[in-house]
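Listed here are the chains, written in short residue letters.
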Amino acid sequence: MSRIALVTLVVDDYGEAIRFYTGALGFRLAEDTPRPDGSRWVVVEPDGPVAGAALLLARAKNEAERSRIGDQTGGRVGFFLHTDDFARDHARMRAAGVRFLEEPRHEPYGSVAVFQDLYGNRWDLLQPAAG
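The structure presented is a predicted model; accordingly, all values stated were derived computationally and were not measured.

Visitor: Explain the side chain of Asp89 to me, using residue names and the numbers behind them.
Guide: Among the structural elements, Asp89 can be located in helix H3 (residues 86–95). Ignoring any residue separated from it by four or fewer positions in sequence, one finds Asp89 in contact with Thr83 and Leu125.

Structure follows, in structure tokens:
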């Protein structure tokens, strides 16, 4: 069996990215290891009992990488954060300063609202419909 373990997210600064993902989104810092080249191996993942893909926060090394910060998917929603309690997590994230781009919607597939991370990448906060 295979699964996607990590997805790289290019960031501007390790510290601010860690603070946003662990503070505003409630992720946990799974690893922060210095590397010989001066970079760090920084992994954050949603906190909870369900295993899934984690984010590798990679600081941009050059202008080409810096140009992709906040626009890694061309303006589309590129990341999907599932929750088991949409109202709870939406309220907690708003209180933490997360910028939602729309009011919550209730679709046949679940409750959803698009938000931006600290760099402008678009995410769905999604509680899938039961069944």
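Visitor: Tell me about the pattern of salt bridges, and name the residues and values.
Guide: Here the idea is simple: oppositely charged side chains can pair when their charged atoms come close. Using the criterion set out here, one finds eight salt bridges in the structure. A salt bridge links Arg28 to Glu45; the shortest N-O distance between them is 2.5 Å. With Arg28 in strand E2 (residues 27–34) and Glu45 in strand E3 (residues 40–46), the pair connects residues that are 17 residues apart, well separated along the chain. As a salt-bridge pair, Arg88 and Asp89 come within 2.9 Å of each other at their nearest N and O atoms. Judged by relative accessible area, which is 43%, Arg88 ranks as partly exposed. Here the residues in one salt-bridge network are Asp84, Arg88, Asp89 and Arg92, joined through shared partners.

Visitor: If you had to explain the pairing of strand E8 (residues 110–116) to someone new, which residues and values would you point to?
Guide: Of all seven residues that make up E8, seven are buried, and the element is covered over most of its length. Judged by which residues are buried, E8 turns out to be covered on both faces: Gly110, Val112, Val114 and Gln116 on one side and Ser111, Ala113 and Phe115 on the other are all buried. Across two bridges, the pairing between strand E6 (residues 99–100) and E8 is antiparallel. Bridge assignment links Phe100 to a residue of E8, and that residue is Phe115. In this structure, strand E7 (residues 105–107) lies alongside E8, joined through three bridges in antiparallel fashion. Paired with Glu107 across the strands is Gly110, a residue of E8.

Visitor: Quick one: what's the story with the sheet that holds E2, residue by residue and with numbers?
Guide: Overall, mixed pairing links the four strands, which are arranged E1-E4-E3-E2 in an open sheet. Looking at strand neighbours, the two that pair on one side only are strand E1 (6–11) and E2, the edges of this open sheet. Strand-to-strand twist in this sheet, taken as the mean axis angle between neighbours without regard to direction, amounts to 25°. As paired strands, E3 and strand E4 (residues 54–59) are joined by three bridges and run antiparallel to one another. In the sheet register, Val42 faces E4, and the bridge partner there is Leu57.

Rules used throughout
Residues numbered from 1 in each chain as written. Predicted model: local features only at pLDDT ≥ 70, side-chain atom pairs only at ≥ 80, totals over all residues. Heavy atoms only, no water. Helix = DSSP H or I, 4+ residues; strand = E, 2+ residues; numbered from the N terminus. Contact = heavy atoms within 4.5 Å. Salt bridge = Lys/Arg side-chain N within 4 Å of Asp/Glu carboxyl O. Buried < 20%, exposed > 50% of the residue type's maximum accessible area, 1.4 Å probe, protein only. Pairing = 2+ DSSP bridges. Axes fitted to C-alpha atoms, helices over the stretch in contact; angles between N-to-C directions.

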